[in-house]
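# Per-entry structural report
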2 protein chains.
Amino acid sequence: MCIIKIEMTLSEENYLKSIFHLEKKYARGVSTNALAEEMETKASSVTDMIKKLSEKNLVNYKKYQGVKLSEKGNSIAVQIIRKHRLWEYFLVEKLDFNWDEVHDIAEQLEHIKSDELIAKLDKFLDYPKRDPHGDPIPDAEGNFANLEKKILAEFNEGDQGICVGVKDSSAAFLQYLDRNKIKLGKSITILEKEQFDGSMILKMNNKELTISKVAANNIYLKPISLE
Amino acid sequence: MCIIKIEMTLSEENYLKSIFHLEKKYARGVSTNALAEEMETKASSVTDMIKKLSEKNLVNYKKYQGVKLSEKGNSIAVQIIRKHRLWEYFLVEKLDFNWDEVHDIAEQLEHIKSDELIAKLDKFLDYPKRDPHGDPIPDAEGNFANLEKKILAEFNEGDQGICVGVKDSSAAFLQYLDRNKIKLGKSITILEKEQFDGSMILKMNNKELTISKVAANNIYLKPISLE
DNA sequence: ACAAATTTTTAGATTTGTCTAAAAATAATA
DNA sequence: TATTATTTTTAGACAAATCTAAAAATTTGT
Ligand SMILES: [Mn+2]
Ligand SMILES: [Mn+2]
Ligand SMILES: [Mn+2]
Ligand SMILES: [Mn+2]
């Protein structure tokens, strides 16, 4: 219900977005150092920015206690994520980019300021629910449609699922998936799970494929109940 | 043939673009004040920036003599204009914006850095030659396809032409054109030209329409020879 | 050509976001 | 608990882009 638009710099927006993502991991408050690492900057710069965001009531901050997003800060962060993911979807679906090429461009596009633009883009794309990496695209009100998904590494022999997302969306990992023909939507059955190193033998595309635990830890499947 | 990419700030890019546009009017060099007015800033700020651009060999500058773009500066300016106009075309043709709503958004989008993005956008749009205001979109090599066009005010009674562009693309003027059903592509015949104030009576859409000299000075027609 | 008006440049200050180095607070360990 | 190690904050500096006020150069008008 906040009609008043707050002037946000590119830097402030990126901080809010990083805090949002880190809150998933550090529920009791995001530490200065964690944020510094995520933002690839120095802790002192983070402290400066946190003070500024706190001044604007976008985060709750007490010295030495880490930060959490305020309600307002959270809703701004969600809108930036919405823009990021809509642009990623556009780049892949309309401009024919590969899923490993879109992140850096979306990092720029997410800061374009125009509500009308994002509303019209959303309509043009026919209101997509997930970005090219399987991440949910929040709607205009900031609601995430969350799909049931589990990390592949946690599945057991005989389990089956559909690939619905990736945890690591680095170009290197996405290219690895491409080389192994692993795509969103593919049906995967776990044939074997090696106790020694956690590697897995999968059946996909009617072929067998072995992947490491590291890889399995970065792929999300939607479980299929086999009756 | 310049493979080396120069790091350009948003501000530098906007200066180059403004100099490019002003060079049309001030062929012997763009004055500090003209640039200050165009950029809506102070002359002293302009001097500072000109020195910086000159340092980078993007403009030729001698104190008190005004600036001209260097070859490199010109080609960067053209690429920014290309981006601006391609995005405007996208916004109107794909996202369904009206032609009076796109300029400010394109002002932001033109600074997104990715050659691949603009190449793919161009392809997606099927290599458009003109933006929604009739201005030419330079190709990847920076070549403008220039269409024959003349200011409506310079036409005479009996002359005929097709509306191909606007000189003023302010929202106010574009909305005036909308209200009077004047669109690109429309065929226009000059029925009368009032000597007293330069106003014109036009035939368009099989109806008569009177427009002021001010308006006629901001509309481009491609002349049709009547044999 | 000379004084007046205008344009342009310089000098110095400000804001934003960053940095390094040092101090202060907190956490870990013996 | 006392000492050490780590984290976080402060203090001070810097680069980019802007500003105001004043000085210098150029142009205009008589
Ligand atoms: Mn991304
Ligand atoms: Mn993504
Ligand atoms: Mn425009
Ligand atoms: Mn235009």
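Residues numbered from 1 in each chain as written. Chains lettered and ligands numbered in written order. Predicted model: local features only at pLDDT ≥ 70, side-chain atom pairs only at ≥ 80, totals over all residues. Heavy atoms only, no water.

The next point concerns the coordination of the manganese ion (ligand 2). Residue and element names in this part refer to chain A. Taken together, Glu88 (OE), Asp131 (OD) and His133 (ND1) make up the full set of protein donors to the manganese ion (ligand 2), lying 2.1 to 2.3 Å away. Read N to C, the donor residues that coordinate the manganese ion (ligand 2) are spaced as E-x42-D-x1-H. Between the manganese ion (ligand 2) and the manganese ion (ligand 1), the interatomic distance is 3.5 Å, and Glu88 donates to each metal, bridging them. Of this pair, Glu88 sits in helix H4 (residues 71-93) while Asp131 sits in the loop between helix H6 (115-124) and strand S3 (150-151), and the two are 43 residues apart along the sequence. With a relative accessible area of 2%, Glu88 lands in the buried category. (Donors = N, O, S within 2.8 Å, 3.2 Å for Na, K, Ca; no water. Helix = DSSP H or I, 4+ residues; strand = E, 2+ residues; numbered from the N terminus. Buried < 20%, exposed > 50% of the residue type's maximum accessible area, 1.4 Å probe, protein only.)

All right, on to the protein's contact with DNA strand D then. Taken together, the neighbourhood of DNA strand D is formed by 20 residues, with Lys51, Tyr61 and Lys63 of chain A together with Thr41 and Lys52 of chain B sitting nearest. Contact between DNA strand D and Lys63 of chain A: a phosphate oxygen at 2.4 Å from a side-chain N or O atom of the residue. Between Tyr64 of chain B and DNA strand D, the recorded distance is 3.1 Å, taken from a side-chain N or O atom to a sugar or linking oxygen. Counting only elements with at least two residues in the surface near DNA strand D, the list comes to helix H2 (32-39) and helix H3 (43-55) of chain A together with helix H1 (10-25) and helix H3 (43-55) of chain B. (Near = heavy atom within 4 Å. Polar contact = N/O pair within 3.5 Å; in protein donor to acceptor, adjacent residues only side chain to side chain.)

Attention shifts here to the side chain of His111 of chain A. By the secondary structure assignment, His111 of chain A is in the loop between helix H5 (103-109) and H6. Reaching out from His111 of chain A, the side chain makes a polar contact with the side chain of Glu13 of chain A at a distance of 2.5 Å. Engagement of the side chain of His111 of chain A in a polar contact is seen with the side chain of Asn14 of chain A, the distance being 3.0 Å. In this view, His111 of chain A contacts Leu10, Glu13, Asn14 and Lys83 of chain A together with Gln108 of chain B; residues no more than four positions away in its chain are not counted. (Contact = heavy atoms within 4.5 Å.)

What follows deals with a negative patch on the surface. Residues and elements named next belong to chain A. A surface patch of negative charge is lined by Glu157, Glu192, Glu194, Asp197 and Glu208. Turning to its location among the elements, Glu192 is positioned in strand S5 (residues 187-193). According to the relative accessible area criterion, Glu192 is partly exposed, its value standing at 46%. (Patch = residues over 30% accessible without salt bridge, like charges linked within 9 Å, V, L, I, M, F, W, Y side chains within 5 Å. Areas by Shrake-Rupley, 256 points an atom, 1.4 Å probe, with all protein chains shown as cover. Salt bridge = Lys/Arg side-chain N within 4 Å of Asp/Glu carboxyl O. Lys, Arg positive; Asp, Glu negative; His and termini not counted. Charge placed at Lys NZ, Arg CZ, Asp CG, Glu CD.)

This part takes up the coordination of the manganese ion (ligand 1). Residues and elements named next belong to chain A. Coordination of the manganese ion (ligand 1) by the protein is provided by His84 (NE2), Glu88 (OE) and His103 (ND1), with metal-donor distances spanning 2.0 to 2.2 Å. Look at where the donors of the manganese ion (ligand 1) fall in the sequence and you get H-x3-E-x14-H. On the accessibility criterion, His103 (38% relative accessible area) is partly exposed.

This part is about the pattern of salt bridges. Residues and elements named next belong to chain A. Under the defined criterion, the tally for this structure stands at 16 salt bridges over all chains. Note that Asp131 and Arg85 form a salt bridge whose closest N and O atoms lie 3.9 Å from each other. Residue Asp131 is found in the loop between H6 and S3, and its partner Arg85 is found in helix H4; the two are separated by 46 residues along the sequence. The class for Asp131 is buried, based on a relative accessible area of 4%. Salt bridges here are not isolated pairs; linked through shared partners, they connect Glu12, Lys52 and Lys56.

Next up on the list: the relation of the copies chain B and chain A. For these two chains of identical sequence, chain B goes onto chain A by a turn of 180 degrees and a shift of 0.0 Å along the axis, with RMSD 0.0 Å. Within this description, the copies of the chain are treated as partners about a two-fold rotation axis. Identified as the residue of chain B closest to the rotation axis by C-alpha distance is Leu109 of chain B, at 3.8 Å. A share of 100% of interface residues in chain B that are also interface residues in chain A marks the association as one of identical surfaces. (Least-squares fit on C-alpha atoms with pLDDT ≥ 70 in both.)

That's the geometry; what it means functionally is another story.
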